[in-house]
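One-letter residues, chain by chain:
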Protein chains: 2
Amino acid sequence: MSLLVVGSLALDTIETPFGKRERILGGSAVYFSYSASFFSPVRLVGVIGDDFPLNELEFFKARAIDLAGLTIEKGKTFSWHGKYVGDMGTAQTIAVHLNTFGTFKPKIPPAYRRSKYVFLANGSPVLQGSVLDQMKRPKLVVADTIDFWIKNEKKALLALIERIDGLIVNSDEVRQLTGMYHLVTASREILKWGPRMLIIKKGEHGALLVTKDDFFAVPGYPIETVRDPTGAGDSFAGGMMGYLAQTDDFAVKNLKKSLLYGNTIASFTIEDFGVERLKQVSYSQVIDRYRSLLAMMKV
Amino acid sequence: MSLLVVGSLALDTIETPFGKRERILGGSAVYFSYSASFFSPVRLVGVIGDDFPLNELEFFKARAIDLAGLTIEKGKTFSWHGKYVGDMGTAQTIAVHLNTFGTFKPKIPPAYRRSKYVFLANGSPVLQGSVLDQMKRPKLVVADTIDFWIKNEKKALLALIERIDGLIVNSDEVRQLTGMYHLVTASREILKWGPRMLIIKKGEHGALLVTKDDFFAVPGYPIETVRDPTGAGDSFAGGMMGYLAQTDDFAVKNLKKSLLYGNTIASFTIEDFGVERLKQVSYSQVIDRYRSLLAMMKV
């Protein structure tokens with residue numbers, strides 16, 4: 001089934017204890033698309049500046065990532081400079097330049113408006129809502145958000161949450177959103193607002209899926225060498241949504257599988273800088289690791 | 001099969017955001033015994049002072065916790081005063097009085113020396129070793145340790161690790177012990193030193209089991225209200241070892257189950273102060289929660 005993502009494309013500078021890379025391909029829509037494209041073609045809506053390397057666009061096309069929704073504007077591409085230290089838990093932002101992304105108003109091409117699966121990458125909930133306004137009867141809409149929007153745009157965010165099927169957040173954000181400490185209680189509260197599922201990302205500890213009747217825990221895949229955690233969340237979302245779009249089945253059993261695929265893809269992403277590892281890995285390597293993850297959970 | 005534990009009995013004063021309790025029953029051997037006794041009789045070796053409430057001893061006997069190895073000495077029982085704040089991740093120690101426990105030299109009663117399952121609760125690796133010296137051909141010896149011994153008694157600890165079958169630690173301790181950052185690599189290194197299994201406790205995120213050929217992840221059971229995290233680790237060990245002693249089977253499949261039982265029991269412990277919850281809970285409630293935990297992991 002058709003899968004649409006709206007999010008950022010970026011040229012990132014990233015420092016970790018394993019090295020530094022300058023102006024490499026990044027952004028939520030990029031990590032998402034690369035990850036989802038293992039399972040399903042992807043329609044990408046975003047904006048770049050005229051400094052964006054054109055060979056990267058070729059690579060997108062080779063992965064069945066459709067760029068009809070990509071706008072190239074005069075000026076520079078969104079760029080982020082982040083640094084990870086110690087256990088690389090969270091990045092310090094050294095610099096962020098919104099550039100062309102700062103005035104991005106997503107316009108969904110008519111041919112995309114009937115996309116069945118929609119992922120709204122982290123961004124202003126007003127913008128995320130404006131994407132939904134343009135869509136015609138999507139089957140599954142999943143949105144990502146962060147603490148910034150909970151603090152600064154809570155009303156708009158709550159209005160968005162009412163309109164979506166799935167929300168992806170981390171544990172702290174679940175608590176912040178609800179003012180409730182305990183994850184299960186807090187998650188059930190969010191489900192009352194509209195979504196049919198809540199996906200809680202726990203980094204190296206994996207992820208949780210909460211639905212009205214189910215609670216599912218998937219462990220993190222134990223990586224030998226984490227070189228750059230950037231994009232783990234969007235890769236997770238990409239693997240998950242890509243698999244759902246491929247199978248077009250969101251019975252609980254398949255939702256659970258989709259989380260495992262999400263975790264699998266994210267585990268590859270963090271093995272190297274940017275999307276370097278995702279560019280190398282084969283579909284059969286994905287399936288092998290998915291099976292290892294399954295085996296780790298099997299009693 | 002016979003199960004022996006050597007560890008502390010204490011009168012703890014505990015403060016958490018949910019209240020304060022003074023001089024309540026605590027200590028590693030206590031949490032372990034209560035937890036293991038759901039599955040198997042327990043032989044307890046430890047020391048208390050003459051201030052220890054005798055009615056608590058009655059309660060032990062009612063749980064098939066054999067006290068022939070319990071020494072009552074003149075003076076006071078070991079006491080610990082701890083305070084948890086915020087997310088209750090780690091306790092601040094307000095006061096610790098070793099009292100009679102300070103000069104504890106575990107003496108294993110002759111009738112206990114052929115115990116098949118042995119748990120060496122956290123303590124000096126020299127003392128832990130002295131317990132092993134007294135045992136006759138135990139079948140499975142598991143030891144707990146903490147960063148203090150890694151820092152201050154590393155040589156003795158490494159000598160102990162060579163002699164045991166299983167080691168229970170947390171992620172940081174695995175890294176500290178090996179000087180290796182990545183958990184899987186570090187765990188395999190420890191297995192080269194002697195133990196056939198390493199159990200990594202991850203608090204609310206569950207636990208990992210690493211053997212030469214297997215890697216198993218069990219999620220934390222999602223508790224609605226954590227009132228007091230004290231004793232979670234020893235309860236985990238107790239549930240695990242109690243189940244292993246009951247079934248006398250340490251094929252990998254059964255080891256995995258034992259971790260699930262350990263997690264299940266620990267999830268009850270932290271729902272109330274001290275062993276209050278463990279005193280109330282029934283075997284069938286344990287089984288119900290074990291099944292829920294299994295279901296949470298099932299794809």
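Our structure's up above, just so we're on the same page.
1. Describing the side chain of Asn 263 of chain A
Residue and element names in this part refer to chain A. Examined against the element boundaries, Asn 263 turns out to sit in helix 9 (residues 252-269). Looking at Asn 263, its side chain comes within polar contact range of the main-chain oxygen of Pro 219, at 2.8 Å. Once you skip the residues sitting within four places of it in the chain, Asn 263 turns out to touch Gly 206, Ala 207, Val 218, Pro 219, Gly 220, Phe 236 and Leu 293.

2. A word on the interface of chain A and chain B
On the chain B side, the residues contacting the 28 residues of chain A number 28 residues. In total, about 2400 Å² of surface goes out of reach between chain A and chain B, with carbon and sulfur atoms giving 57% of it. Of all residues in chain A, His 182, Glu 224 and Val 299 of chain A bury the most surface against chain B, accounting for 27% of the area lost on that side. Remark: the boundary between chain A and chain B carries zero salt bridges. Here chain A and chain B share twelve residue pairs in polar contact (both at pLDDT 80 or more) between them. Those elements that place two or more of their residues in the side of chain A that touches chain B are helix 7 (183-192), strand 13 (215-218), helix 9 and helix 11 (283-297) of chain A.

3. A short note on the pattern of salt bridges
Going through the model one piece at a time under the given rule, you end up with 22 salt bridges over all chains. A salt bridge links Arg 196 of chain A to Asp 165 of chain A; its shortest N-O distance comes to 3.5 Å. Residue Arg 196 of chain A is found in the loop between helix 7 and strand 11 (197-201), and its partner Asp 165 of chain A is found in the loop between helix 5 (154-161) and strand 10 (166-170); the two are separated by 31 residues along the sequence. Overall, Asp 165 of chain A belongs to the buried group, its relative accessible area being 16%. Among the ionic pairs, Glu 58 of chain B bridges to Lys 61 of chain B, the shortest N-O distance being 3.7 Å. Linking Glu 58 of chain B with Lys 61 of chain B, this pair stays in helix 2 (residues 54-62), spanning three residues, or about one helical turn. With relative accessibility at 49%, the residue Glu 58 of chain B sits in the partly exposed group.

4. Things to note about unusual backbone geometry
One non-glycine residue, Ala 64 of chain A, lies in positive phi territory at about 60°. When you line up the elements, Ala 64 of chain A lands in the loop between helix 2 (54-62) and strand 5 (65-73).

5. Here we look at the environment of Ile 72 of chain A
All names here are of chain A. Inspection of the secondary structure assignment puts Ile 72 in strand 5. Spatially, the C-alpha atoms of Ile 72 and Gln 134 are 21 Å apart, while their sequence positions differ by 62 residues. Not counting residues up to four positions away in its chain, the partners in contact with Ile 72 are Ile 48, Gly 49, Asp 50 and Leu 57.

6. A look at the packing of helix 1 (residues 28-36) of chain A against helix 8 (residues 232-247) of chain A
All names here are of chain A. Put simply, helix 1 and helix 8 touch, their axes get as near as 7 Å, and they point 40° apart. Classified by the angle their axes make, helix 1 and helix 8 are oblique. The crossing of helix 1 and helix 8 is right-handed. Only Asp 234, Ser 235, Ala 237, Gly 238, Gly 239, Met 241 and Gly 242 of helix 8 make contact with helix 1, whose side of the interface consists of Ser 28, Tyr 31, Phe 32, Ser 35 and Ala 36.

7. A short note on the relation of the copies chain A and chain B
Superposing chain A onto chain B takes a rotation of 180° combined with a translation of 0.0 Å along the rotation axis, leaving an RMSD of 0.0 Å. What the rotation and shift describe, once combined, is the action of a two-fold rotation axis. A shared interface surface links the copies, since 100% of the contact residues of chain A are contact residues in chain B too.

8. Observations regarding the side chain of Ser 258 of chain B
Structurally, Ser 258 of chain B can be placed in helix 9 (residues 252-269). Polar contacts involving the side chain of Ser 258 of chain B include one to the main-chain carbonyl oxygen of Leu 255 of chain B, which spans 2.6 Å.

9. A few points about the sheet that holds strand 2 (residues 10-16) of chain B
Residues and elements named next belong to chain B. The four strands are arranged 3-2-6-7 in an open sheet whose pairing can be described as mixed. Here the strands that pair on one side only, and so sit at the sheet edges, are strand 3 (19-26) and strand 7 (92-97). With strand direction ignored, the average angle separating the axes of adjacent strands in the sheet is 15°. Summarising the sheet, strand 6 (residues 79-83) and strand 7 pair through five bridges and their orientation is antiparallel. Along strand 7, the bridge assignment pairs Lys 83 with Gln 92.

Parameters at a glance
- Residues numbered from 1 in each chain as written.
- Chains lettered and ligands numbered in written order.
- Predicted model: local features only at pLDDT ≥ 70, side-chain atom pairs only at ≥ 80, totals over all residues.
- Heavy atoms only, no water.
- Helix = DSSP H or I, 4+ residues; strand = E, 2+ residues; numbered from the N terminus.
- Polar contact = N/O pair within 3.5 Å; in protein donor to acceptor, adjacent residues only side chain to side chain.
- Contact = heavy atoms within 4.5 Å.
- Buried area = accessible area lost by both parts, 1.4 Å probe.
- Salt bridge = Lys/Arg side-chain N within 4 Å of Asp/Glu carboxyl O.
- Buried < 20%, exposed > 50% of the residue type's maximum accessible area, 1.4 Å probe, protein only.
- Axes fitted to C-alpha atoms, helices over the stretch in contact; angles between N-to-C directions.
- Parallel < 35°, antiparallel > 145°, perpendicular 65-115°, else oblique.
- Left-handed = near helix turned anticlockwise from the far one by under 90°.
- Least-squares fit on C-alpha atoms with pLDDT ≥ 70 in both.
- Pairing = 2+ DSSP bridges.

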